[in-house]
Amino acid sequence: MGIADRQRFHRKYERKGPDECWPWKAATSGFGYGRFKINGRLYSSHRIAYSLSKGRIPSGGGWHGIEVLHSCDNPACCNPAHLSIGTHAENVADMDAKGRGNRRGSPRKYQVTPDICAKILASGAPATELEKSLGIPMKTINRVRRENGIDNAKFKSFSALRIQPEARR
Ligand SMILES: [Zn+2]
């Protein structure tokens, strides 16, 4: 993204206080997200706001569905302080918790950063151990693994296998 595009982008939202929402003033999508065109392609304004302030948004591969989330619940907001990234599952869970979208299951709000996501996926430890070492709810660990096509039952059986020989002694 060139300097001219950046300058154009920063003129399209209202920069308010550091804790306030910075509303997008130009065109929005049907869902209320700001739209911004670069080289003829449309982008979501909150995604641009995030990447300009915090760097590239991870995508593809093992990440499968990383999204930029609004802590303020305001789709048009471009304040980077209100933006974070999480998996699509976390976004849906967050919407469930806040009563948006389709309601299924109990409220879950834990946000998984790519850093934590990588740790969960790289680790061969059972979810119960990760829960303690990373301080993340076990449900979230299981969900991240499930979302990335890793069967958590595999880890349970690993730990069972590890424990068995000692138990026999
Ligand atoms: Zn906001």
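Residues numbered from 1 in each chain as written. Predicted model: local features only at pLDDT ≥ 70, side-chain atom pairs only at ≥ 80, totals over all residues. Heavy atoms only, no water.

## Notes on the packing of aromatic side chains
Summed over the entire model, instances satisfying the criterion amount to five aromatic pairs. When the ring of F9 is compared with that of F36, the centres are 5.2 Å apart and the planes differ by 80°; the resulting orientation is edge-to-face. Note that F9 is positioned in helix α1 (residues 3-10) and F36 in strand β1 (residues 35-38), a separation of 27 residues in sequence. Classification of F9 by relative accessible area gives buried; the value is 1%. What makes F36 buried here is its relative accessible area of 1%. Residues W24 and F36 carry aromatic rings whose centres are separated by 6.0 Å and whose planes lie at 90° to one another, so their mutual orientation is edge-to-face. Placement of W24 in the loop between α1 and β1 and of F36 in strand β1 is noted, with a sequence separation of 12 residues between them. Grouping residues by exposure puts W24 and F36 together as buried. Linked through ring pairs, F9, Y13, W22, W24 and F36 together constitute an aromatic cluster. (Phe/Tyr/Trp six-rings, centres within 6.5 Å; stacked < 30°, edge-to-face > 60°. Helix = DSSP H or I, 4+ residues; strand = E, 2+ residues; numbered from the N terminus. Buried < 20%, exposed > 50% of the residue type's maximum accessible area, 1.4 Å probe, protein only.)

## Observations concerning the coordination of the zinc ion
Donor atoms from the polypeptide that bind the zinc ion are C21 (SG), C72 (SG), C77 (SG) and H82 (ND1), placed at 2.1 to 2.3 Å. Between the four donor atoms coordinating the zinc ion, the angles at the centre fall across 102 to 114°, so the site counts as tetrahedral. Positions of the donor residues of the zinc ion, expressed as sequence spacing, correspond to C-x50-C-x4-C-x4-H. Of this pair, C21 sits in the loop between α1 and β1 while H82 is found in the loop between β3 (66-70) and β4 (83-87), placing the two residues 61 residues apart along the sequence. The partly exposed category is assigned to C21, whose relative accessible area is 23%. The exposure class of H82 is buried, given its relative accessible area of 12%. (Donors = N, O, S within 2.8 Å, 3.2 Å for Na, K, Ca; no water. Tetrahedral: all angles 85-135°; square planar, octahedral: opposite > 155°, others 65-115°.)

## Focus: the environment of R8
Here R8 is to be found in helix α1. When its relative accessible area of 27% is taken as the criterion, R8 is described as partly exposed. Here the alpha-carbon distance between R8 and F36, two residues 28 residues apart in the chain, equals 9.5 Å. Those residues within four positions of R8 in sequence are excluded, and the remaining contacts are F36, K37 and I38. A polar contact of 2.7 Å, which involves the side chain of R8, links it to the backbone oxygen of K37. (Contact = heavy atoms within 4.5 Å. Polar contact = N/O pair within 3.5 Å; in protein donor to acceptor, adjacent residues only side chain to side chain.)

## Side note on the pairing of strand β2 (residues 41-44)
The pairing of β1 with β2 spans four bridges and is antiparallel. If you follow R35 over to β2, its bridge partner there is S44. What sits between β1 and β2 in their antiparallel hairpin is a turn of two residues, with N39 showing a positive phi close to 50°. (Pairing = 2+ DSSP bridges.)

## Considerations on the confidence of the model for the protein
The share of residues in the protein with pLDDT of 70 or more is 71%, and the mean pLDDT across the chain is 76. No element of the protein has a lower mean pLDDT than helix α7 (residues 152-168), at 42, and none a higher one than α1, at 96. Confidence over residues 60-64 falls short of pLDDT 50; this stretch has eight contacts with residues more than four positions distant or in other chains. Predicted confidence for residues 102-109 stays below pLDDT 50, and this span has 13 contacts to residues more than four positions away or in other chains. (pLDDT = per-residue confidence, 0-100.)

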